[in-house]
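Structure at a glance
In case you want the letters, here they are:
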Amino acid sequence: MTLTSEPPAFESGPAALAEAIARLPAEDAVSLPLLGGDTVQGLLDESSTLTYRPATPVIGAGERRVWQDCEVSCAVPREGALGACARRLQDAFHEAFALLSPTPLAERFDINDLIVQRYPKGSGGITPHRDHIAYRGLISVITLSGICRFAVCRDRSAAEARPVPAPVGWLVLMRGPGLYGLEDRPFHFVDRFTEPRISVGFRHDRRAPDGSVATLGLSPGG
Ligand SMILES: O=C(O)CCC(=O)C(=O)O
Ligand SMILES: [Fe+2]
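From a predicted model like this one, the values you see are computed outputs, not experimental measurements.

A word on the nonpolar core
In this structure, Ile21, Phe93, Leu138, Ile142, Leu171, Leu173 and Phe202 are the most contacted members of the largest nonpolar core, which totals 39 residues. Listing elements by their share of this core, those giving two or more residues are helix H1 (14-27), strand S1 (29-33), helix H2 (37-47), helix H3 (81-98), strand S6 (113-119), strand S8 (138-145), strand S11 (170-175) and strand S13 (197-203). No other element matches the eight residues that H3 contributes to this core. Filtering out sequence-adjacent residues up to four positions away, Ile142 remains in contact with Leu34, Leu35, Cys85, Gly169, Trp170, Leu171, Ile198, Ser199, Val200 and Phe202. Among the nonpolar cores identified, the runner-up in size contains 20 residues, and Val66, Val72, Phe150 and Val190 belong to it.

Considering the UniProt feature "domain: Fe2OG dioxygenase" (unreviewed entry) in the chain
Following the UniProt record, the feature "domain: Fe2OG dioxygenase" (unreviewed entry) maps to residues 110-206 here. End C-alpha to end C-alpha, residues 110-206 measures 10 Å, and it is 0% helix and 46% strand.

Details of the pairing of S11
The element S11 is largely enclosed, with a buried count of five among its six residues. Sheet topology note: the S1/S11 ladder contains five bridges and is antiparallel. What sits directly across from Ala29, in S11, is Met174. Relative to S11, S8 runs antiparallel, the two being bridged by five bridges. Across the sheet, Ile139 pairs through a bridge with Met174, a residue of S11.

Re the site of ligand 1
Neighbouring residues of ligand 1: Gln117, Tyr119, Ile126, His129, Asp131, Val141, Phe150, His188, Val190, Arg197, Ser199 and Arg203. In this structure, Gln117 approaches ligand 1 through a side-chain N or O atom, which is 3.0 Å from an oxygen atom. Between ligand 1 and Asp131 there is a distance of 3.0 Å, counted from an oxygen atom to a side-chain nitrogen or oxygen. Contact with the protein chains covers 94% of the free accessible surface of ligand 1, which is 300 Å².

Observations concerning the coordination of the iron ion (ligand 2)
For the iron ion (ligand 2), the full set of protein donor atoms is His129 (NE2), Asp131 (OD) and His188 (NE2), at a range of 2.0 to 2.1 Å. In primary-sequence terms, the residues that donate to the iron ion (ligand 2) follow H-x1-D-x56-H.

Remarks on unusual backbone geometry
Geometrically, the link from Ser101 to Pro102 is a cis peptide bond, its omega value of 0° lying close to zero. Of note, Pro102 is situated in the loop between H3 and S6. With a phi angle near 50°, Tyr180 is a residue other than glycine that sits in the positive phi range. Tracing the chain through its elements places Tyr180 in the loop between S11 and strand S12 (187-191). Positive phi, normally seen in glycine, also occurs at Arg192, with a value near 55°. If you trace the backbone, Arg192 turns up in the loop between S12 and S13.

So, the pattern of salt bridges
All chains considered together, the criterion is met by twelve salt bridges. With its nearest N and O atoms 2.9 Å apart, the salt bridge here joins Glu71 to Arg118. Of the two residues, Glu71 sits in strand S5 (residues 71-73) while Arg118 sits in strand S6, which places them 47 residues apart along the sequence. The exposure class of Glu71 is partly exposed, given its relative accessible area of 32%. Under the relative-accessibility criterion, Arg118 is labelled partly exposed at 28%. For Arg154, the salt bridge goes to Glu160, with nearest N and O atoms at 2.7 Å. Across this residue pair, the class does not change: Arg154 and Glu160 are exposed. Salt bridges sharing common partners tie together Glu19, Arg23 and Glu27.

Conventions adopted
Residues numbered from 1 in each chain as written. Chains lettered and ligands numbered in written order. Predicted model: local features only at pLDDT ≥ 70, side-chain atom pairs only at ≥ 80, totals over all residues. Heavy atoms only, no water. Core = buried A, V, L, I, M, F, W, Y, C linked by side-chain atoms within 4.5 Å. Buried < 20%, exposed > 50% of the residue type's maximum accessible area, 1.4 Å probe, protein only. Helix = DSSP H or I, 4+ residues; strand = E, 2+ residues; numbered from the N terminus. Contact = heavy atoms within 4.5 Å. UniProt positions renumbered as here; feature names shortened; annotations may be inferred. Pairing = 2+ DSSP bridges. Near = heavy atom within 4 Å. Polar contact = N/O pair within 3.5 Å; in protein donor to acceptor, adjacent residues only side chain to side chain. Areas by Shrake-Rupley, 256 points an atom, 1.4 Å probe, with all protein chains shown as cover. Donors = N, O, S within 2.8 Å, 3.2 Å for Na, K, Ca; no water. Salt bridge = Lys/Arg side-chain N within 4 Å of Asp/Glu carboxyl O.

Now the structure itself:
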């Protein structure tokens, strides 16, 4: 039986996370350093053991079409390093929420959706899109390796693209519906893969049955 992994240390504390969250109504997405090299390596090691499938290359129809050029793994074990990172992130967000008044999110928020994405060098990335409406509150993406451009933009044509730094170990934090009572979702995209890249996304999916990664990840009696 595998032991549940220890939670990682974060390079940004609750105050820095709170400050980042408070900027989201105006900026749509912000980023900050989160994980040191050893932690990133542990997550990379685990990510290399997962099973991947090609992302559906085209989703949506007509003008709403989105192209995706990556592999995805949604089968992330809850008891490993990625699960421990999700739990730590969830706790850190709640510590940050407690520092902010009014509260940024007046609804349940737990991280119950983990996805690892692998993009080859030269990938077409993911064209401008909005994340699914079921992903509420805060959307987190941590870069584990590689280089690309992550940008927020005004529409599907990538108008007014504004890059959000996403170096290895950094958290890109994007607002999801419900944050500060805002229900719209920012358009964003990833492109310019000058190196292969691996990212991990942490989200709250309103459609998921009750039970966050935090609860699911606990070993019996733990
Ligand atoms: O890999 C990333 O940085 C996240 C890309 C994205 O926007 C998504 O998967 O919805
Ligand atoms: Fe997205």
